[in-house]
Amino acid sequence: MDVYRAAFNSCNPIEIAQALTTGDGYYLFEDIIAEDALAEILSCIELKEYLVNNNNVGVVRASSMNFHSHTLAVSKCCYDLVTHEKVRAICSSFFAGPHKISNQRIFETHTKAHMPWHTDNNLQDGNTFKGKHELPGILFLFYLSDVSEINPFQLIPGSHKWSAQHNQRFFADKYIDQTHSADIVSVQAPKGSLILCNTHLIHRAKPFDVPGFKRKTFLFQIDALFENHLGHGEQLLINPSFVDNTDPAILSYLGFGLKASYPTFPQTSVATMSLQDLWLLQKNILPKTIRGLALSVLKKALPSTALIRLKNLTAPKP
Ligand SMILES: O=C(O)CCC(=O)C(=O)O
Ligand SMILES: [Fe+2]
């Protein structure tokens, strides 16, 4: 199954690399993910259960948002979107030297979340922002939902050429409103669309206040290899059965053998679950706790011969 629609195969990587560098800093493919692939990827971001004492990777909750931050461990379609020949050809045209994946995730935005204007050329020390870097990078962002006026990806065309004049992590809304409001592009496009964006381009997810609305998104970022910032990039989990082509160029693109020291984003724990999540989790855990308690009382009260008889009755048949 090809995860991209046929039109993707006829794109010109050189033209796209030029749009990302000397052009406006972004490029849009509308409705470019094949239907089956889209359905497979969407199923990954459904919260099926809270991962407590569970050996699987899956959806986590942070500020009322669902995240799946190990897409290359669970989704062959995500793996194919990331490693597709044309994607690597675009990267080969864009980067002068070696480059590799820095992060990837599927996520759902939520009402009243406020993502400030920013660029994605960030350095970290562990989980902490450490400053901006100069090296080239490309963000690949896929809409998994139809996007019109509510919560589009917004960008300032050409800003990759001057964003380095500012070195803070975020840009104030007021500064952008006063100086660039006439330039802002809001990307309205159907689900399955792909936005490629120079990581130095100023962008954000437009804030919204529509309770219940969610935009589902898959993104991954490819950055130049950092000789003086070894370890740049998030720790990734990759399912080895997906790696159907072990060409050394693909392996290094995926980061095999290269250090990656940033923790997986976002950092979550029980503390980042909402009250409703905690309640649903309790509802799931409570009956199991009561059952465990009853069993332990029973074990203490019954003689061992009766216990063995009970075990024989309830043990699964070989
Ligand atoms: O969801 C979006 O529209 C933007 C996401 C983004 O810029 C980021 O995660 O860095
Ligand atoms: Fe970003």
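The name an unreviewed UniProt entry assigns to the chain is Phytanoyl-CoA dioxygenase family protein, from the organism Hymenobacter telluris.

Student: Sorry if this is basic, but what is going on with the site of ligand 1 here?
Tutor: Taken together, the residues surrounding ligand 1 are T109, D120, F153, H203, A205 and T217. Here the shell around ligand 1 is composed, by residue class, of two nonpolar, three polar and one charged.

Student: Help me understand helix α8 (residues 275–301) in this model?
Tutor: Over its 27 residues, α8 extends 38 Å from the first C-alpha to the last, a length consistent with the 39 Å expected when each residue adds 1.5 Å. The element α8 is barely covered by neighbouring structure, given that only zero of its 27 residues are classed as buried.

Student: Would you mind showing me how to read the domain arrangement of the chain here?
Tutor: The extent of an interface is frequently quoted as the accessible surface area lost upon association of the parts. According to the domain assignment, the chain contains domain 1 (6–272) and domain 2 (275–314). A separation of 45 Å is found between the C-alpha centroids of domain 1 and domain 2.

Student: Can you walk me through the environment of V243 in this structure?
Tutor: With respect to the helices and strands, the residue V243 is situated in the loop between β15 (231–234) and α7 (248–253). Look at V243 and you get partly exposed, because 16 C-beta atoms sit within 10 Å. Between the C-alpha atoms of V243 and D80, which are 163 residues apart in sequence, the distance is 9.4 Å.

Rules behind the numbers
- Residues numbered from 1 in each chain as written.
- Chains lettered and ligands numbered in written order.
- Predicted model: local features only at pLDDT ≥ 70, side-chain atom pairs only at ≥ 80, totals over all residues.
- Near = placed C-beta within 6 Å.
- Nonpolar A, V, L, I, M, F, W, Y, C, P; charged D, E, K, R; others polar.
- Helix = DSSP H or I, 4+ residues; strand = E, 2+ residues; numbered from the N terminus.
- Expected span 1.5 Å × (residues − 1).
- Buried ≥ 20, exposed ≤ 12 C-beta atoms within 10 Å, placed from the backbone.
- Domains from an automatic or database assignment.

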